[in-house]
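# Structure at a glance
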Amino acid sequence: MDARQLKVEAARAALAYVGSGMRLGIGTGTTAEEFVRLLAEKVATGLDVVGVPTSERTAALCRELGVPLSTLEDTPELDLTVDGADEVDPDLTLIKGGGGALLREKIVAAASERMIVIADKSKLVETLGRFPLPIEVNKFGLRATEIAIGAAAATLGLSGPVTLRMTGGQPFVTDGGHFILDASFGRIPDTRALSNALFAIPGVVEHGLFIGLASTAIIAGGDGIETVHAA
Ligand SMILES: O=C[C@H](O)[C@H](O)[C@H](O)COP(=O)(O)O
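Residues numbered from 1 in each chain as written. Predicted model: local features only at pLDDT ≥ 70, side-chain atom pairs only at ≥ 80, totals over all residues. Heavy atoms only, no water.

## Overview of the domain arrangement of the chain
As a measure of interface size, the accessible area lost when the parts come together is often cited. Heads up, the condition is: These domain limits were set by an automatic method or by a database of domain assignments. We call two residues contacting when some pair of their heavy atoms lies within 4.5 Å. Defined in terms of a 1.4 Å probe, buried area is the accessible area two parts forfeit on being brought together, summed over both. Any carboxyl oxygen of Asp or Glu within 4 Å of a side-chain nitrogen of Lys or Arg constitutes a salt bridge here.
Domain boundaries in the chain define domain 1 (3–125 + 211–223) and domain 2 (133–205). The C-alpha-based centres of domain 1 and domain 2 are spaced at 25 Å. Facing 14 residues of domain 1, the contacting portion of domain 2 comprises 16 residues. Between domain 1 and domain 2, roughly 1,000 Å² of surface is buried when both sides are summed, and carbon and sulfur atoms account for 61% of that area. For the interface between domain 1 and domain 2, the tally reads one salt bridge.

And the structure:
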């Protein structure tokens with residue numbers, strides 16, 4: 001099975017948790033897109049759900065495929081969010097934000113009773129940090145924020161390049177109008193400590209460590225689906 005098929009299988013397994021009447025948070029990224037496609041097929045045959053998208057990109061796909069949408073303003077409490085991840089550890093702490101949607105994704109996940117992460121097995125790691133940690137920052141004071149992030153990491157014994165995310169020769173701008181710094185600190189043994197240190201920096205809007213948000217992970221591998229529930 002190729003990587004795309006694994007994403008489809010994880011998305012299909014997540015669909016089993018979706019029932020009529022549900023208010024759904026809908027994630028961003030290539031895996032979440034497979035979920036949207038399968039969800040749209042169910043909607044076409046009568047499944048009655050309303051979705052709150054975590055990005056403009058996901059909203060556009062939902063509109064194209066006929067998945068009914070709401071906003072977090074109109075639907076501030078959600079039953080379930082289904083989203084992908086860049087890395088998943090055994091405690092279901094995640095790194096997210098490879099697609100730049102981490103801020104809305106975290107707001108939507110936090111407004112949901114339950115979050116299911118869908119991923120192929122390559123995303124499963126013992127310790128987070130192989131994937132650079134996306135940090136969403138205010139445009140104002142970018143360089144000062146970058147320096148402060150490096151200094152905060154150093155207090156925890158972490159170091160490595162902190163790079164401004166670019167696209168088409170320009171800085172990548174999030175749906176919220178911010179920049180993203182990708183921090184290659186390597187393995188992050190204490191995610192809570194790094195989260196606290198990053199939040200102490202005024203220019204940091206949000207970071208891609210999702211701690212205590214995912215309740216279930218559905219991991220698709222060549223040998224089948226593994227479902228992991230948070231302790
Ligand atoms: O900002 C993007 C999201 O956090 C994605 O869910 C994450 O990057 C995983 O994306 P993909 O399913 O494309 O690997």
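Having seen the model, we can carry on.
## A few points about the site of the ligand
The line we're drawing: Nearness of a residue to a molecule or strand requires only that one of the residue's heavy atoms be within 4 Å of it. By the criterion applied in these results, polar contacts are pairs of N or O atoms within 3.5 Å in which, for protein atoms, one can donate a hydrogen and the other can accept it, and in which residues neighboring in sequence qualify only through two side-chain atoms. Accessible surface is estimated by sampling points in the Shrake-Rupley manner with a 1.4 Å probe; for residues, cover comes only from the protein chains shown. Method remark: on a 1 Å grid restricted to protein atoms, a set of points is classed as a cavity if a 1.4 Å probe fits but cannot get out and as a pocket if it is open with protein on both sides within 12 Å along at least five of seven lines; lining residues have an atom within 4 Å of a point. Pocket occupancy is defined atom-wise: a molecule lies in a cavity or pocket when more than half of its atoms are within 2 Å of its grid points. Residue polarity follows a fixed list, in which Ala, Val, Leu, Ile, Met, Phe, Trp, Tyr, Cys and Pro are nonpolar, Asp, Glu, Lys and Arg are charged, and the others, Gly among them, are polar.
With respect to spatial proximity, 16 residues lie near the ligand, and among them T28, T30, T31, D86 and E105 are the closest. In the environment of the ligand, an oxygen atom lies 3.4 Å from a nitrogen or oxygen atom belonging to the side chain of D83. Residue K96 places a side-chain N or O atom 2.9 Å away from an oxygen atom belonging to the ligand. For the ligand, the protein covers 92% of the area, taking 370 Å² as the surface of the free molecule. According to the grid-proximity analysis, the pocket containing the ligand is the second largest pocket. Per-class residue counts for the shell around the ligand are two nonpolar, nine polar and five charged.

## Here's the deal with the sheet that holds strand β14 (residues 216–221)
Heads up, the condition is: We treat two strands as partners when DSSP finds at least two bridges between them. Secondary structure elements follow DSSP: runs of H or I no shorter than four residues count as helices, runs of E no shorter than two count as strands, and numbering proceeds from the N terminus. Every axis in this analysis is a line fitted to C-alpha atoms, fitted for helices over the stretch in contact. Angles between the N-to-C directions lie between 0 and 180 degrees.
The strand order across the open sheet formed by six strands is β2-β1-β3-β6-β14-β15, and the pairing between neighbours is mixed. Where the open sheet ends on each side, the last strands, each with one partner, are β2 (50–53) and β15 (224–229). Between one strand axis and the next, the sheet turns through 20° on average, direction left out of account. Pairing geometry for strand β1 (residues 23–26) and β2, over four bridges, is parallel. Bridging from a neighbouring strand, L24 pairs with G51 of β2.

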